[in-house]
Amino acid sequence: GQQVMQIPQYQHVQEGEDFTTYCNSSTTLSNIQWYKQRPGGHPVFLIQLVKSGEVKKQKRLTFQFGEAKKNSSLHITATQTTDVGTYFCAGGHGQNFVFGPGTRLSVLP
Amino acid sequence: EPEVTQTPSHQVTQMGQEVILRCVPISNHLYFYWYRQILGQKVEFLVSFYNNEISEKSEIFDDQFSVERPDGSNFTLKIRSTKLEDSAMYFCASIGQPYEQYFGPGTRLTVT
C-alpha cells in the first residue's frame, strides 16, 4: 500500500532560525495536505496542494508540491515559539489520505 | 467557526467490552472519517464514509469495527470487543469544500 515518509523526525531550532520538513510518497498523489498538531491537541488543517510544482505561502510558511506529485515540503522562515508542534503531511488520493509520521519541531527561545 | 465535536473526551473500558465513540461532523460536510493516533505516533486512517456508506477502510478497520450515521448528524464508531492495543486517541474528521479536513478534539480510549 501507499507509504508516506517524512524527514526529519525531530528538529530543534533556535527562535529565528528557519525550519524545513520534507514529505515523500511511494505513489503519485492527487493532492497533499499539511497539518499542525500542538502537544495534546488535534491536527489542524494548514493547506492543500493539488497542482504539480505548486507553491503556496501563508505568512512565514511556504509549501511546495513536487513536479512528480510524489513529494512536498513545508518551510518556516524565522521560527517563533508559537510554531512548536508536530507537522504532518497527508498524501491524498481523492478524498482519502495517508498521513506521514510527522516532524516534531521544538523552538528554543 | 463551525467545528467537529466528539464525545466522550475520555473513555475507559475493560478489555472485551464494546465502546461507541460519537462525533458530530460539520453540518454541510459530505465526507466523514475516523482516524486513530497511538500516543506519540502518526495519525492512522481507519475508515471514510460518504453518502451513508463506507467509502474506504484500512487494514486496521477489521470486523470488530463498525461505523454508522444513525440520524443524519451523529457519526459513530463502534468497537465490539476492545483489545488492549485499541488504546489510542480516536479522531473524527469531516471534509467540505474545498477539501479542508476538519478534525474533532478526539476521544482518548483507554482499554484496561
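See above for the structure.
Residues numbered from 1 in each chain as written. Chains lettered and ligands numbered in written order. Predicted model: local features only at pLDDT ≥ 70, side-chain atom pairs only at ≥ 80, totals over all residues. Heavy atoms only, no water.

## Brief notes about the pattern of salt bridges
All told, the structure shown has three salt bridges over all chains when counted by the stated rule. R60 of chain A is paired through a salt bridge with D83 of chain A; the nearest N and O atoms lie 2.9 Å apart. Here R60 of chain A is found in the loop between strand 6 (55-58) and strand 7 (61-65), whereas its partner D83 of chain A is found in the loop between strand 8 (71-76) and strand 9 (85-93), with 23 residues between them in sequence. A salt bridge links E44 of chain B to R36 of chain B; the shortest N-O distance between them is 3.0 Å. Here R36 of chain B falls in the buried class, since its relative accessible area comes to 11%. (Salt bridge = Lys/Arg side-chain N within 4 Å of Asp/Glu carboxyl O. Helix = DSSP H or I, 4+ residues; strand = E, 2+ residues; numbered from the N terminus. Buried < 20%, exposed > 50% of the residue type's maximum accessible area, 1.4 Å probe, protein only.)

## A word on the sheet that holds strand 6 of chain A
Residue and element names in this part refer to chain A. The strand order 1-3-8-7-6 describes an open sheet built from five strands, whose pairing is antiparallel. Every other strand in the sheet has two partners, leaving strand 1 (4-7) and strand 6 as the edge strands with one partner each. Across the sheet, the axes of successive neighbouring strands diverge by a mean angle of 15°, strand direction being ignored. The pairing of strand 6 with strand 7 spans four bridges and is classified as antiparallel. Its bridge partner being in strand 7, V55 is matched across the sheet by Q64. (Pairing = 2+ DSSP bridges. Axes fitted to C-alpha atoms, helices over the stretch in contact; angles between N-to-C directions.)

## Some points on the state of the cysteines
Residue and element names in this part refer to chain A. Per the counting criterion, the structure on display carries two disulfides over all chains. Residue pairing for C23: its cysteine sulfur links by disulfide to C89, the two sulfurs lying 2.0 Å apart. Classification of the bridge connecting C23 and C89 rests on its S-S torsion, roughly 75°, and on that basis the disulfide is right-handed. On the criterion of sequence distance, the pair formed by C23 in strand 3 (residues 19-25) and C89 in strand 9 is long-range, its members being 66 residues apart. (Disulfide = S-S within 2.5 Å.)

## Concerning unusual backbone geometry
With an omega of -5°, the peptide bond between I7 of chain A and P8 of chain A qualifies as cis. Here the residue pair T7 of chain B and P8 of chain B is connected by a cis peptide bond, since its omega of -10° sits within 30 degrees of zero. Relative to the assigned elements, P8 of chain B resides in the loop between strand 1 (5-7) and strand 2 (10-13). Despite not being glycine, K69 of chain A has its phi angle at roughly 55°, a positive value.

## Details of the interface of chain A and chain B
Contact residues are listed per partner, giving 16 residues for chain A and 21 residues for chain B. Counting each side, the surface lost to burial between chain A and chain B is near 1500 Å², with a carbon and sulfur contribution of 54%. Put simply, chain A and chain B have four residue pairs in polar contact (both at pLDDT 80 or more) between them. Residues of the side of chain A that touches chain B, tallied by class, amount to seven nonpolar, eight polar and one charged. (Contact = heavy atoms within 4.5 Å. Buried area = accessible area lost by both parts, 1.4 Å probe. Polar contact = N/O pair within 3.5 Å; in protein donor to acceptor, adjacent residues only side chain to side chain. Nonpolar A, V, L, I, M, F, W, Y, C, P; charged D, E, K, R; others polar.)

## Points about the side chain of S25 of chain A
All names here are of chain A. Tracing the backbone shows S25 in strand 3. You can call S25 buried: its relative accessible area is 9%. From its side chain, S25 meets the backbone oxygen of T27 in a polar contact 2.6 Å long. Sequence-distant contacts of S25, defined by excluding residues within four places in its chain, comprise Q2, Q3, V4 and K70.

## A closer look at the sheet that holds strand 3 (residues 19-24) of chain B
Residues and elements named next belong to chain B. Here four strands make up an open sheet; going across it, the order is 1-3-8-7 and the pairing antiparallel. A single partner strand is all that each edge strand has here, and the edge strands are strand 1 and strand 7 (65-68). On average, each strand axis in the sheet is tilted by 20° relative to the strand beside it, whichever way the strands run. Here strand 3 pairs with strand 8 (residues 75-79) via five bridges, running antiparallel. Residue R22 lies in a different strand from strand 8, and its bridge partner there is T76.

## Here's the deal with the nonpolar core
Core analysis: the largest hydrophobic core is formed by 21 residues, its most contacted members being W34, L46, F61, V67, F75, L77 and Y90 of chain B. Looking at this core, the elements with two or more residues in it are strand 3, strand 4 (31-37), strand 5 (43-50), strand 7, strand 8, strand 9 (88-95) and strand 11 (107-111) of chain B. Sequence-distant contacts of V67 of chain B, that is, excluding residues within four places in its chain, are made with W34, V47, F49, I54, F61, F75, T76 and L77 of chain B. Counting 19 residues, the second-largest nonpolar core is a separate cluster that includes L29, I32, W34 and Y87 of chain A. (Core = buried A, V, L, I, M, F, W, Y, C linked by side-chain atoms within 4.5 Å.)

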